[in-house]
Amino acid sequence: MDGMETTLEELYTQYPDTVKKNRKKHIVIKSAADESCPQIEANTRTIPGIISQRGCAYAGCKGVVVAPIKDMITITHGPVGCGYYSWGTRRNKARADSTTPKDKIYSQLCFTTDMQEPDIVFGGDKKLARMIDEIVAAFHPRGINICSTCPIGLIGDDIGAVAKAATERHGIQVLAYACEGYKGVSQSAGHHIANNNIMQNVIGKGNERKPGKHVINVLGEYNIGGDGWEQERILKDCGYTVNCVMTGDASYENIKNLHLADLNLVQCHRSINYIAEMMETKYGTPWLKVNFVGVEATNESLRQMAKCFSDPELEKQTGEVIARETARIEPALEQFRKICRGKKAFAFVGGSRSHHYQHLLKDLGMEVVVAGYEFAHRDDYEGRQVIPTIKSDADSKNIPELHLKPDEKRFREGNEYLNLSKEQFEALKKEVPLNYYEGMYPDMKNGDIMIDDCNHYELEELIKKLRPDLIFTGVRDKYIAEKMGIPAKQMHSYDYAGPYAGYNGAINFANDVAHTLTTPAWKMIVPPWERIEEPDTGKQEGASDA
Amino acid sequence: MLECVPEGKTEHTTGKINPAKTCQPIGALYASLGIHGCLPHSHGSQGCCAYHRMHLTRHFRDQVLAASSSFTEGASVFGGASNLKTSIKNIFKIYNPDIIAVHTTCLSETIGDDIPNIIKQSEIPEGKIVIHTNTPSYVGSHITGFSNMCKSMVAYLAEAQGETKKEQVNVIPGFVNPGDMREMRRIVTALGVKLVMFPDTSGVLDAPLTSKYQMYPEGGTTIAEIRDSGNSEVTLALGAFASNAAADLLQEKCGVTGIPLKLPIGLKATDDFIMAVKDWFGADIPKEIAIERGQVIDTLIDTHFHYQGKTVAIFGDPDHVIAMTEFVITMGMVPKYVLTGTPGKEFEVTVTKMLDEAGITGSRVKAEGDLFDLHEWIREEKVDLMIGTTYGKYIARTEDIPLVRFGFPILDRAVHPLMPVVGYRGCLRLIEQISNALLERRDRDALDEDFELVL
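Residues numbered from 1 in each chain as written. Chains lettered and ligands numbered in written order. Predicted model: local features only at pLDDT ≥ 70, side-chain atom pairs only at ≥ 80, totals over all residues.

Attention shifts here to the sheet that holds strand S7 (residues 194-197) of chain B. Residue and element names in this part refer to chain B. As summarised here, the arrangement of the four strands in space is S7-S6-S8-S9, forming an open sheet in which the pairing is parallel. Bordering the open sheet on either side are S7 and strand S9 (257-261), each of which pairs with just one other strand. Neighbouring strand axes in the sheet, compared pairwise and without regard to direction, differ in orientation by 25° on average. With five bridges joining them, strand S6 (residues 166-172) and strand S8 (residues 232-238) adopt parallel strand pairing. Bridging across to S8, Val-169 finds its partner in Val-234. Taken strand by strand, helix H8 (residues 178-190) contacts S6 and S7, and its axis lies near 160° from that of S7. (Pairing = 2+ DSSP bridges. Helix = DSSP H or I, 4+ residues; strand = E, 2+ residues; numbered from the N terminus. Axes fitted to C-alpha atoms, helices over the stretch in contact; angles between N-to-C directions. Contact = placed C-beta atoms within 7 Å.)

With that out of the way, let us pick up the domain arrangement of chain B. Where the parts come together, the accessible area they lose is often given as the size of the interface. All names here are of chain B. Here chain B is described as being made up of domain 1 (24-157), domain 2 (166-285) and domain 3 (289-449). One C-alpha centre belongs to domain 2, the other to domain 3, and the line joining them spans 25 Å. Taken together, the elements giving at least two residues each to the side of domain 2 that touches domain 3 come down to H8, helix H10 (240-254) and helix H11 (267-281). The biggest single contributor to the side of domain 2 that touches domain 3 is H8, with eight residues. Here the residues of the side of domain 2 that touches domain 3 sort into 17 nonpolar, six polar and six charged. (Domains from an automatic or database assignment. Nonpolar A, V, L, I, M, F, W, Y, C, P; charged D, E, K, R; others polar.)

What follows concerns helix H7 (residues 142-157) of chain B. In this model H7(B) runs 22 Å from its N-terminal to its C-terminal C-alpha over 16 residues, within 8% of the 22 Å that 1.5 Å per residue would give. In terms of burial, H7(B) is largely enclosed, as 14 of its 16 residues are buried. (Expected span 1.5 Å × (residues − 1). Buried ≥ 20, exposed ≤ 12 C-beta atoms within 10 Å, placed from the backbone.)

All names here are of chain B. The strand order S12-S11-S10-S13-S14 describes an open sheet built from five strands, whose pairing is parallel. Looking at which strands have only one partner, the edges of the open sheet turn out to be strand S12 (364-366) and strand S14 (403-405). Strand after strand, the sheet turns through a mean of 20° between neighbouring axes, direction not considered. Here strand S13 (residues 385-388) runs beside S14; their pairing, made up of three bridges, is parallel. Paired with Ile-387 across the two strands is Val-404, which belongs to S14. Running over the sheet, helix H13 (residues 318-330) touches strand S10 (311-316), strand S11 (334-340) and S13 and is turned about 160° from S10.

Structure follows, in structure tokens:
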């Protein structure tokens with residue numbers, strides 16, 4: 001414990017005082033002495049000049065939530081870059097299904113108004129409207145999203161008016177997202193902006209409930225590497241009807257019917273909790289935080305879900321799926337454990353994934369010693385009970401909060417969705433944490449570090465001081481870690497593999513991690529002509545000494 | 001694949017669908033990485049910097065470090081001066097670079113932040129340097145941004161120490177890979193001429209893994225070298241779009257003669273590059289270079305029937321596409337579609353002239369185009385081969401055309417940043433890639449009775 005505090009104090013010495021004061025609040029060491037999670041500062045401004053991994057509101061809105069909707073065309077309104085960088089780089093896979101034929105999928109295309117200097121000077125509204133007209137004439141999409149980038153907000157283009165007029169002109173929904181990159185402090189602002197728009201304008205527009213006894217949505221699952229498909233496979237096996245995986249491989253058609261499901265599952269808490277919460281308010285739909293990353297975590301999520309419906313057949317089928325799938329993958333996992341056991345890791349990914357992956361790593365006998373997020377809020381670390389105590393600031397106030405009321409016609413009590421009596425529902429809530437997320441903290445061990453908006457300097461120092469065996473992070477950090485002799489896996493894009501969720505994902509992940517740890521080159525870093533002088537190269541070469 | 005793309009001619013006059021360019025700041029960031037001990041800095045929202053670092057990292061598979069002014073809404077309204085001053089102070093204290101190279105973004109340009117003035121008001125430690133360039137994302141492309149940062153290196157750093165020039169050549173390499181820059185250096189050094197190449201990302205973005213981490217790797221042009229570029233006799237500006245602006249300023253500011261050349265990709269362009277050095281310095285052509293050229297001729301003769309007469313679509317950055325067009329003409333191929341996303345009529349003029357001189361008719365040439373245009377052309381009349389960036393893979397798969405990956409970015413193949421396509425050795429690599437792509441296709445499509453051992 002003391003050791004870790006000393007480590008951090010040494011790390012802070014390089015910082016100017018103002019930076020030190022700021023950064024200390026973003027870093028927490030878990031301690032047995034603390035009864036609950038100490039307050040961690042999160043969702044506040046990044047200090048200028050600090051090499052943060054954070055992105056912007058546009059990335060959170062367009063890149064994360066909106067673009068995966070496969071049957072809508074998303075136009076980036078702005079200069080060319082933002083649309084270009086978010087084109088095909090997030091691995092949210094999509095394919096045709098019963099509601100969406102191949103010719104209505106636009107996931108592999110990039111649309112941008114490519115604003116030029118005269119457009120900045122004289123306004124881009126007309127250009128945007130013209131582009132919408134051309135796109136409708138050529139592609140006939142079911143709906144269009146417009147996502148604006150930084151200069152749009154400054155020059156005052158009224159994208160809402162353009163969208164409204166285009167909706168009337170073409171008879172399809174055209175949605176405007178004012179997700180300029182400077183809004184808020186990270187991607188998080190964009191998630192919120194996207195959630196608000198979809199909630200207000202799309203959810204509830206449909207009236208076709210998919211047939212099935214237990215119809216569910218998976219919210220906050222983006223189908224990276226096919227994660228959503230693996231979850232659907234398992235959920236269908238258990239007896240559920242998946243109405244919509246949101247927004248990975250989601251269609252506009254299905255999102256319209258989101259309110260017709262019995263239960264919302266929440267996978268990524270940060271990016272989608274707004275919709276879960278707003279649907280609870282407006283329609284009464286209960287939601288359950290789940291985690292399908294990790295074998296035990298998947299099993300536990302499935303068990304909790306089954307309890308929600310109080311359906312013996314569902315519980316039986318769930319039990320069978322858990323037993324069958326766990327038995328199927330266990331022998332292979334055991335082989336990988338021989339390589340992975342005892343390894344220490346850092347995890348910096350996602351809006352719940354740094355938490356989720358701790359479960360999968362535990363399955364493999366590994367442990368996370370440092371974990372954090374780029375864009376989380378306090379509740380993602382500390383649990384949702386802190387939400388009422390979170391102070392809003394100038395940056396968070398810029399993102400509108402929707403104050404929804406229960407829908408007069410369609411609101412139903414949570415117990416009705418689950419076909420339970422009120423008493424049963426109350427009893428269920430004691431057993432299953434409905435409409436709640438406990439955050440990352442409870443799953444961390446004493447002495448572990450939680451770090452918000454970890455920057456390059458902190459990462460470099462923590463690697464040097466703690467010498468982890470493996471780092472799970474994004475592409476920007478990956479090669480930095482590797483240059484230091486530490487294997488690293490990109491966890492935003494899985495080094496282009498996957499799925500990593502569910503049972504098949506656990507095997508894929510274990511296999512990939514084992515390869516990363518044991519690739520023979522790690523043992524050959526020191527050239528032969530230097531080995532005589534330096535026989536003991538320690539960790540740098542022994543990353544795979546299993 | 002791409003079933004949603006409409007058949008036949010569509011009206012596409014506004015915006016871009018599948019752009020063949022990106023924005024200025026990423027080019028400026030890349031150029032800055034070619035200065036030794038430099039931390040690039042993006043003056044705008046942190047999302048820009050995050051995207052640029054991500055994109056460059058994916059192409060190079062190596063660390064790309066840069067800082068950001070991390071604008072919030074307040075900075076966007078009141079201006080980013082205080083963000084930039086704080087950034088400069090923090091960067092020198094925490095990351096300790098020799099130099100910070102600031103580039104702007106569409107956000108700070110729209111606000112109208114006066115960067116030189118803000119730099120003047122900033123705390124800069126003794127011996128440290130801050131330079132800047134303006135890179136509005138709504139003008140030009142990433143190539144323009146690269147060009148602007150190269151020009152700013154000259155504006156801020158290059159100095160002429162009197163009338164007498166040193167017997168040395170400046171090479172402005174263009175937006176090419178570190179492997180290409182290494183090869184350019186090798187060729188000029190082989191000719192016995194001292195050179196200053198800037199920027200130079202070799203040793204930065206192709207740095208070895210030793211497990212001894214360096215935030216600022218050994219590579220990159222030193223500040224002293226860039227200063228000294230003002231004392232060189234001559235500057236070779238490789239690629240008009242990326243390099244001419246810096247060479248022109250060097251001529252104007254320091255009286256260094258600028259010679260505009262193509263990127264030395266292909267036989268003729270490499271000949272021109274080597275002859276420019278030879279003619280200016282009276283250098284002897286060493287035997288190793290002569291042998292390399294002879295090997296290219298030998299290979300072209302040996303392999304011409306693999307590719308001669310085949311039609312090809314070339315797309316990507318203007319300097320790359322111009323040089324590649326010249327080379328495929330040398331190879332006897334027919335450049336049917338030639339497209340860049342970067343604006344500039346001189347691209348169309350240059351390429352059209354090459355085609356005319358080669359007697360090739362019926363080709364389409366376009367600057368400021370996009371891959372939707374290219375796809376429409378290909379659907380009208382197919383080509384045998386595509387040469388360009390990774391983004392072409394969707395069209396290649398849809399239309400079943402082999403794709404040779406060339407230029408920036410290549411996101412789905414590795415090792416390419418280390419393997420030069422410039423110089424005579426680069427010719428061999430390109431011939432091999434083009435040949436193999438067509439032969440793989442021939443093998444794939446051959447009937448059993450036509451499937452042959454020797455080709």
